[in-house]
There are 2 protein chains.
Amino acid sequence: MIDDIDVQILTILQENARTSNAEIARQVGKTASAVFERIKKLEKTGVVKGYTAVVDPAALECSVLAYVFLRLSPHRLARTVGAQLTEIAGIQEVIHMTGEECFLVKVRCKDTEALERIVMSINDIDTVSSTRTVIAFRAMRESLVIPVGG
Amino acid sequence: MIDDIDVQILTILQENARTSNAEIARQVGKTASAVFERIKKLEKTGVVKGYTAVVDPAALECSVLAYVFLRLSPHRLARTVGAQLTEIAGIQEVIHMTGEECFLVKVRCKDTEALERIVMSINDIDTVSSTRTVIAFRAMRESLVIPVGG
DNA sequence: GGTGAAATGCTATTAAC
DNA sequence: GTTAATAGCATTTCACC
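The residue numbering used here restarts from 1 in each chain and proceeds along that chain's sequence as written. Each chain is given a letter, starting from A, and each ligand a number, starting from 1, according to the order in which they appear as written. Note on the predicted model: pLDDT of at least 70 is required for a residue's local features to be given, and 80 or more for side-chain atom pairs to be given and counted; whole-chain, interface and lining totals, by contrast, use all residues. Water and hydrogen atoms play no part in the side-chain values, which are based on all heavy atoms of the structure.

The name given to chain A in an unreviewed UniProt entry is Transcriptional regulator, with Desulfovibrio ferrophilus as the source organism.

(A) A look at the state of the cysteines. Residues and elements named next belong to chain A. When two cysteine sulfur atoms are found within 2.5 Å, that pair is recorded as a disulfide. For the structure shown, the criterion picks out zero disulfides over all chains. Free cysteine C62: the closest other cysteine sulfur is in C109, separated by 6.4 Å. Buried, partly exposed and exposed residues are distinguished by accessible area as a fraction of the type maximum, computed with a 1.4 Å probe on protein chains only: under 20%, between the cut-offs, and over 50%, respectively. A relative accessible area of 1% means that C62 is categorised as buried.

(B) Looking closely at the sheet that holds strand 4 (residues 103-109) of chain A. When DSSP finds two or more bridges between two strands, those strands count as paired. Each helix corresponds to a stretch of at least 4 residues labelled H or I by DSSP, and each strand to a stretch of at least 2 residues labelled E; elements are numbered beginning at the N terminus. Strand order in the closed barrel formed by eight strands is 2(A)-4(A)-3(A)-5(B)-2(B)-4(B)-3(B)-5(A), with antiparallel pairing between adjacent strands. In this sheet, neighbouring strand axes are inclined to one another by 35° on average, regardless of whether the strands run parallel or antiparallel. Pairing geometry for strand 2 (residues 64-72) of chain B and strand 4 (residues 103-109) of chain B, over seven bridges, is antiparallel. Bridge pairing links L70 of chain B to F103 of chain B in strand 4 of chain B. Residue contacts are counted whenever heavy atoms from the two residues lie within 4.5 Å of one another. Angles run from 0 to 180 degrees between N-to-C directions of axes, and those axes are lines fitted to C-alpha atoms, restricted for helices to the stretch in contact. Packing against the sheet, helix 4 (residues 78-86) of chain B makes contact with strand 5 (128-142) of chain A together with strand 2, strand 3 (91-97), strand 4 and strand 5 (128-142) of chain B, and its axis sits at approximately 85° to strand 5 of chain A. Strand contacts of helix 5 (residues 112-123) of chain B: strand 2, strand 3, strand 4 and strand 5 of chain B, with the helix running at about 140° to strand 5 of chain B, the strand carrying the most contacts.

(C) Structural view of the side chain of Q92 of chain A. Considering the arrangement of structural elements, one finds Q92 of chain A in strand 3 (residues 91-97). A relative accessible area of 1% means that Q92 of chain A is categorised as buried. For Q92 of chain A, the contacting residues outside a window of four places in its chain are K106, R108 and E142 of chain A together with R141, E142, S143, L144, V145 and I146 of chain B.

(D) The relation of the copies chain B and chain A, seen in detail. Each copy superposes on the other: chain B lies on chain A with an RMSD of 0.1 Å after a rotation of 180° and an axial shift of 0.0 Å. The relationship between the two copies is best expressed as a two-fold rotation axis. The overlap is high: 100% of the interface residues of chain B also sit at the interface in chain A, so the same surface is used on both sides. When the copies are superposed, the least-squares fit takes in the C-alpha atoms of residues with a pLDDT of at least 70 in both.

(E) Highlighting the interface of chain B and chain A. Counting residues at the interface gives 68 residues for chain B, matched by 68 residues for chain A. Counting each side, the surface lost to burial between chain B and chain A is near 6,200 Å², with a carbon and sulfur contribution of 62%. The salt bridge involving K106 of chain B is made with E93 of chain A; its shortest N-O contact spans 3.3 Å. Any pair of nitrogen or oxygen atoms within 3.5 Å is treated as a polar contact; in protein, a donor-acceptor pairing is required on top of that, and neighbouring residues in sequence qualify only through side-chain atoms on both sides. For the interface between chain B and chain A, the tally reads 41 residue pairs in polar contact (both at pLDDT 80 or more). With 10 residues, strand 5 of chain B is the single largest residue contributor to the side of chain B that touches chain A. A breakdown of the residues in the side of chain B that touches chain A according to their chemical character gives 39 nonpolar, 16 polar and 13 charged. Note that strand 1 (residues 48-55) of chain A and strand 1 (residues 48-55) of chain B share seven bridges and pair antiparallel. Buried area is understood as the total, over both parts, of accessible area removed when two parts are fitted together, assessed with a 1.4 Å probe. Salt bridges are identified by distance alone: a Lys or Arg side-chain nitrogen within 4 Å of an Asp or Glu carboxyl oxygen. Three categories are distinguished: nonpolar for Ala, Val, Leu, Ile, Met, Phe, Trp, Tyr, Cys and Pro, charged for Asp, Glu, Lys and Arg, and polar for the others, with Gly belonging to the last.

What follows is the structure, encoded as C-alpha cells:
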C-alpha cells in the first residue's frame, strides 16, 4: 500500500511542504510525473491530510498558549463533546485520553481575557463537569511531523 | 511591520502551504512578484518558520499517541531539560508550563513498547524527578494553525 | 521600499505509450 | 512508470511611484 519511495516523499514533504515535485523527483530518483501521481494518490487516500505553513504565533498577536483538562459526566458522551470542542475558535488540539481528566484541549489566543472566554465556552458545554487550565510559559518544540522508523 | 495583505497571505498558506504564488496573488489582489517578495520577507524575518505536510500517523505505522507530564528537581534547570527533551526521537511537543508538573511532552510512536523506551529515556534525564504518562484514545483535532482575530 | 510589467528558464499536468 | 508536449509558474530584473 505504501512503499519506500512514498515514505521518502512523505519525509521530504513533512520537512518542507513547498518542495517542488521536480525536486522531490530528483531526490527519490523518479520522474516528476511519477512523483506527481504518487502525491495525488497519497492525498486521495488520506495519507496526506494537507499542507500547512508553520507561523510564529507572536507575529499574529496570539501569544497565549494554554492547556485545558476536562472531566465529563457522563463520559459516554465523549464523541459529541469532542466534536463540539473542535468547533471553538482558538482550539488547536482536542485529545480524548485515558484517565479521569479524559480530554486535553490545547488553546492559542491573544491574551488571558480571550483565554477566559474560551474556557468559559468550554464550561458551557453541558457534559463538561469541570475544567483545569494550565498556562504555558513557552513551547520549546511544536511539530506535527510523524517520526519514521520509531 | 505586518499588514493586512501579509495576514491574508499567512492565512492562505496555513490553510494550504502548496498554494502557488500566482493563486495567492489572485486572492489578495496583487501581482505574483509582489507576493513572492512578501513571502520571502516573512520567511526571512521568522514569521513563517516553515511548511509541513500533515500526514496520517497510521499510514506510517505510528499509531500510539501519549502525553507525559514531568516534575523537575531542581526546577531551575528547566531550560536545559527542555533542550534535552527536544532531542529525543518521537517527541512532537515540549511545553514548559505553570503548575507542579511543569513540563508537558507529546509523544508519537509505533507501539507501547516504543513508548516505554521513550518514557525511560525521559526518566534517564537527571533533573527529571518523576513522570506521569497518559495514553490518548484519539486525536479529534490537531493543528498548528494560529487563529487570526482571536 | 514596495510595486507592476516584461522576460526566461522551470514546473505542473496531461496524454500517449 | 516513462517520455514528450504545452500551458502556467517561479523568479529575476528594472522602471516607477
